[in-house]
Structures are given as structure tokens and as C-alpha cells.
Amino acid sequence: MKISCGLLIDKIIKNVDERREYIKYISTYAPFVDKLYVLNTTTQDLTDFFNEIKRYPNVVVAETTYTGEVSMYKLLLDKQKEDGYEYGMVLELGYYYEDECFNRIKQFMLEKNLNDVAIITPAPLYGCQTHERKPETYRDIKGCKLVGVIINLDIYSEYGFDLEYYQTTFDYDYCIRVRNDNKRIVFLQNEVLRNVNYRLVEKRVFFQLLSTYDKDPMELYYETRNKLYLWEKYKYIDPEYVALDKKLTKAEMHEMRFRDPEYKDKKIMIAYAKQDFKKGIRGKYKEREYF
């Protein structure tokens, strides 16, 4: 069983302390994969960072221009498939597996028949979220984000990604397509992938101080627009998934409305996204006059 991993660097590393933190996070998976592909899409000189991670065997470093999340994921997974790996992954800076989690995932893969399994995903949590262990160690699910998951590269090469999403949502589109073709997405409920790329924001409502996770306005634009395309595409093919996703999205928007102090500004990006969907605009966001 050969597993490789791609590390996507799409943001600036601010200082030495931050670099050390990222190196520590990488140590939770780099020693346990057969090859680590590092792709830098920034213009930052990362020589010191690369020198530190090259202590792991079989590290390859490359640079390219950022052309959207889906294109970067495709580039990394295509390279892993081309080099003959059975399973591939994509990680980003700020993600790490909890202690021994990655080894337990590999052990699960050795013990189970995975012929019809397209994706194996741990439980994705922010760094501050608590996790309660479940008596049922794994179960099948409808979809997941693809950062930090194990991807069957034979199945991936058959289905690929829809590049028109540009940013976000392509992973859920992929999940729907493989699942509707009788492939499985397996969720390992007691294995945890942590994400430290978050910020809590607070808003006072009367005598209560409410908090929520901040969402970048541009991320919100892509997520809103692309979900509308996803729902339209699969409303007859997978109505159960679409109904569930609409329900969850409505709850997220309700929380943002009442807890995010910057909601009014973000509401503008949501309006832009809906307008672009109606116009059939896809790909990278372009600033222009809307009203």
C-alpha cells in the first residue's frame, strides 16, 4: 500500500515562530507517507522552511502560480497518480493529525477491503473544538471536504474534478459523483484532523456575548455561488443531499446573521454571489459594478 501526500502552500509564513508551528504540524504525517510533494504558490522565499522539511525522506519541492483551489488540488493529485501511488492526499498549512491518528488510519486501511472506497476521512475539527469518542468507529457518509483525507487515486483518475468551481465546493461535487456510482466515503469518527486556520468573532446582543467562527468574505462569495450551482446540478440526481445541504447552510447563515459583527459587509458578498449565479458567471471572482 503506497500513500503519498501533497502539501499546498498558498499563504505567507509570517515569522520564525509560525514556521516552527507549521513544521510541527507537518511532522504528524510526513514521516508516515512514501513521498511528500510540496507546492509553493506564493512568491515568498521559503528556503529555510524547505531545508527543515527535507529531513524527511522523499520530499519534492516545486513552485507554481496559484490558479484556484481546485486546480491546485488537481495538480497535486495528478502528479501522485502519475508517479504510481495507490492513495493520495492534499494538506494545507495549519492542518495536523492528532497523536498516532495517521498510523491508525493506515492500520484501518490494511485491515479492510477498500475496493469500493473512494475516500477515507478523519473527523475535521478546529483546534479549539472538543471531540467525543464514538462507539461506532467508522460509518459511510454523503460527502466531505478533501483536505487531509485519503483518496483512492484509481477512482480519482476516473472521475476527476469539475474545474469550473475554481474555489471550494468541487470536493462535494466529487463526493456526490463517486457516491452515486456506488463508491463509498468512509468516515473514521475517532480519528481527528485539526485545523488552526480560524478566528473567533464576538457580538454583543443585549446582555449576551455571542461568538462564531469568522468566514472570509471572498470564501463566503465562492461558497455561496458554488453551492447554488451544486444544488441546481444535483436537485434531481441527489435531492436528499441537496435538501440536507440547504438546511445546514440556512443554519450557518442564521448563526452568522446574529453572531458576526461584520455580517452587514459579508451580506454584500452573498448578494454578489447570488447575482453572479443568475448570470451564469463561474471561475475566479472579478470586481465590477453590480448595482
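See the structure shown above.
This section reports on the structure supplied with the text. (Residues numbered from 1 in each chain as written. Predicted model: local features only at pLDDT ≥ 70, side-chain atom pairs only at ≥ 80, totals over all residues. Heavy atoms only, no water.)

**A look at the overall build of the protein**
Here's step 1: Along the backbone of the protein there are nine helices and 12 strands.
Here's step 2: Principal-axis analysis of the C-alpha atoms places the extent of the protein at approximately 55 × 45 × 40 Å.
Here's step 3: Summarising the internal contacts of the protein: among those between residues at least 6 apart in sequence, 78% fall at separations of at least 24.
Here's step 4: Working note: accessible area of the protein is about 15,500 Å², and carbon and sulfur atoms make up 49% of it. (Helix = DSSP H or I, 4+ residues; strand = E, 2+ residues; numbered from the N terminus. Contact = heavy atoms within 4.5 Å. Areas by Shrake-Rupley, 256 points an atom, 1.4 Å probe, with all protein chains shown as cover.)

**Observations concerning the packing of helix H7 (residues 217–234) against helix H9 (residues 263–279)**
Here's step 1: For the pair H7 and H9, the least separation of the axes is 8 Å and the interaxial angle reads 35°. In the crossing of H7 with H9, the sense of the turn from one axis to the other is right-handed. Counted together, Pro217, Met218, Leu220, Tyr221, Thr224, Arg225, Leu228, Tyr229 and Glu232 of H7 and Lys266, Met269, Ile270, Tyr272, Ala273, Lys274, Asp276 and Phe277 of H9 form the full contact between these two elements.
Here's step 2: Among the residues making up the contact of H7 with H9, the classes are represented as 11 nonpolar, one polar and five charged. (Axes fitted to C-alpha atoms, helices over the stretch in contact; angles between N-to-C directions. Left-handed = near helix turned anticlockwise from the far one by under 90°. Nonpolar A, V, L, I, M, F, W, Y, C, P; charged D, E, K, R; others polar.)

**Focus: the sheet that holds strand S5 (residues 90–92)**
Here's step 1: Taken in spatial order, the four strands make up an open sheet running S3-S2-S1-S5, and their pairing is parallel. Pairing within the sheet leaves two strands with one partner each, and these edge strands are strand S3 (59–63) and S5. Taking the axes of each pair of neighbouring strands and ignoring which way they run, one obtains an average angle of 25° across the sheet.
Here's step 2: Strand direction decides the pairing type here: strand S2 (residues 35–40) and S3, joined by five bridges, are parallel. Along S3, the bridge assignment pairs Val38 with Val61.
Here's step 3: With respect to the sheet, helix H3 (residues 69–82) is in contact with strand S1 (4–9), S2 and S5, its orientation differing from that of S1 by roughly 150°. (Pairing = 2+ DSSP bridges.)

**What about the nonpolar core?**
Here's step 1: Residues Phe49, Leu146 and Tyr174 are the most contacted members of the largest nonpolar core, which totals 77 residues.
Here's step 2: Setting aside residues no more than four positions away along its own chain, Leu146 makes contact with Tyr73, Val90, Ile119, Ile151, Phe161, Phe170, Asp171 and Tyr174.
Here's step 3: By size, the runner-up hydrophobic cluster in this structure holds seven residues, among which are Tyr166, Tyr221, Met269 and Tyr285. (Core = buried A, V, L, I, M, F, W, Y, C linked by side-chain atoms within 4.5 Å. Buried < 20%, exposed > 50% of the residue type's maximum accessible area, 1.4 Å probe, protein only.)

**Observations concerning the environment of Tyr229**
Here's step 1: Turning to its location among the elements, Tyr229 is positioned in helix H7.
Here's step 2: You can call Tyr229 buried: its relative accessible area is 9%.
Here's step 3: Between the C-alpha atom of Tyr229 and that of Lys278, which follows or precedes it by 49 residues, the distance is 9.7 Å.
Here's step 4: In contact with Tyr229, not counting residues within four places along its chain, are Tyr165, Asp276, Phe277, Gly280, Ile281 and Arg282.

**Remarks on the packing of aromatic side chains**
Here's step 1: Following the criterion strictly, the structure yields 20 aromatic pairs and no others.
Here's step 2: Centroid distance Phe108 to Tyr138: 5.0 Å. Interplanar angle 70°. Geometry classified as edge-to-face. Taken together, the positions of Phe108 in helix H4 (residues 101–111) and Tyr138 in strand S8 (residues 138–140) put the pair 30 residues apart, joining distant regions of the chain.
Here's step 3: What links up through ring pairs into an aromatic cluster is the set Tyr73, Tyr156, Phe161, Phe170 and Tyr174.
Here's step 4: Here the guanidinium or amino end of Lys2 rests over the ring plane of Tyr85, the centre of that ring lying 4.8 Å away.
Here's step 5: A cation sits over an aromatic face here: Arg282 above Tyr229, 3.8 Å from the ring centre. (Phe/Tyr/Trp six-rings, centres within 6.5 Å; stacked < 30°, edge-to-face > 60°. Lys NZ or Arg CZ within 6 Å of the ring centre and 35° of its normal.)

**Some remarks on the pairing of strand S10 (residues 184–195)**
Here's step 1: Where burial is concerned, most of S10 is hidden: 11 out of the 12 residues are buried.
Here's step 2: Of the pairings in the sheet, the one linking strand S6 (residues 95–97) to S10 comprises three bridges and is antiparallel in character. Looking across to S10, one finds that Tyr95 is bridged to Asn195.
Here's step 3: Note: strand S7 (residues 117–126) against S10, nine bridges, orientation parallel. Within S10, the residue paired with Val117 across the bridge is Arg184.

Worth remembering: the numbers are spatial, not functional.
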